[in-house]
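An overview of the molecular structure
Each chain, letter by letter, is given below.
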Amino acid sequence: MRGERDGTEFGDALSELKRRGSMTLVVGSVPAEAYHTVSRQMLGREGPGERRRRLLVVPDSDRETAIDRLREAGATDPAHARVVTCNGTSRSVAANGGRAADLPAVRRVDGSLADLGVAITESIDRFEAVAGDLDPSELRVGVDPLSALNGYDTRSAFGFLHVLGRQIRSRKGMAHVRLAREFDSPEVRTLAPLFDAVLELRLDGYRLEQRWHLSDGGIVSDWFPVDERSDGG
């Protein structure tokens, strides 16, 4: 791995991101299901004595897929799992199927960045109302894809992500945002400074691989396979 002596520095840096809170930009032109594999890992599973509060921000058409991802990650009641969709009318709705108490709370907004930001803030506030002070890495947020912001230009997205980053880090949470562009694209170069890490994804044949770029220390990993059995920490 470049920028480190033996890999220990890389592992320590990732652990530090979990302790202090972080934003990760996930890039690369890979199929949605490949990204979902990584996203499920980054949502994390509970270890002994750990809790997770998970929020996914997705296009309205991906609502059911988002609920499935949350179900695979862990508890799906509204105290632990929520979904915000970027299309439709600005109102709160219940997820379909099963008992409402066992399903994530789902909120649809009209797609404006202001409404989307309010919905995310209120979802996090509801987690805090239930949990009290959130432990480091307890809050996990996924925003996918960034194009779900309905065509907002990169400059507008920059402001939105700057505010989101402050919210996430103030709770020592972990968020990942998907941008289906290559690492050397203009959009990635513009937005990367807002993030603590950029995670590249690629397919080598049928194998999904990842490479990390960490802002602290300029650490860049080699390409290595995504372990689908991993819980993402």
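The structure reproduced in this document is the subject of the present report.

**Re helix α4 (residues 113-131)**
Taking 1.5 Å of rise per residue, 19 residues should cover 27 Å, and α4 covers 27 Å from first to last C-alpha, within 8% of that figure. Those residues of α4 lying buried are Leu 113, Leu 116, Gly 117, Ala 119, Ile 120, Ser 123, Ile 124, Phe 127 and Ala 131. Along the long axis of α4, the arc covered by the buried residues comes to 165°, so they all point the same way. Turned more than 90 degrees from where α4 packs its buried face, Ala 114, Arg 126 and Ala 129 sit exposed. Among the structural elements, β2 (53-58), β3 (81-85), β5 (105-108), β6 (139-143) and α5 (154-170) are those in contact with the buried residues of α4. Following α4 by one or two positions, Gly 132 adopts a phi angle in the positive range, close to 80°.

**Some details on the packing of aromatic side chains**
The full count for this structure, using the stated rule, is zero aromatic pairs. Between the NZ or CZ atom of Arg 82 and the centre of the ring of Phe 127, over which it lies, the distance is 5.9 Å. Over the ring of Trp 223 we find Arg 202; its NZ or CZ atom is 4.1 Å from the centre of that ring.

Scoring rules and cut-offs
Residues numbered from 1 in each chain as written. Predicted model: local features only at pLDDT ≥ 70, side-chain atom pairs only at ≥ 80, totals over all residues. Heavy atoms only, no water. Helix = DSSP H or I, 4+ residues; strand = E, 2+ residues; numbered from the N terminus. Expected span 1.5 Å × (residues − 1). Buried < 20%, exposed > 50% of the residue type's maximum accessible area, 1.4 Å probe, protein only. Arc of directions from axis to C-beta. Contact = heavy atoms within 4.5 Å. Phe/Tyr/Trp six-rings, centres within 6.5 Å; stacked < 30°, edge-to-face > 60°. Lys NZ or Arg CZ within 6 Å of the ring centre and 35° of its normal.

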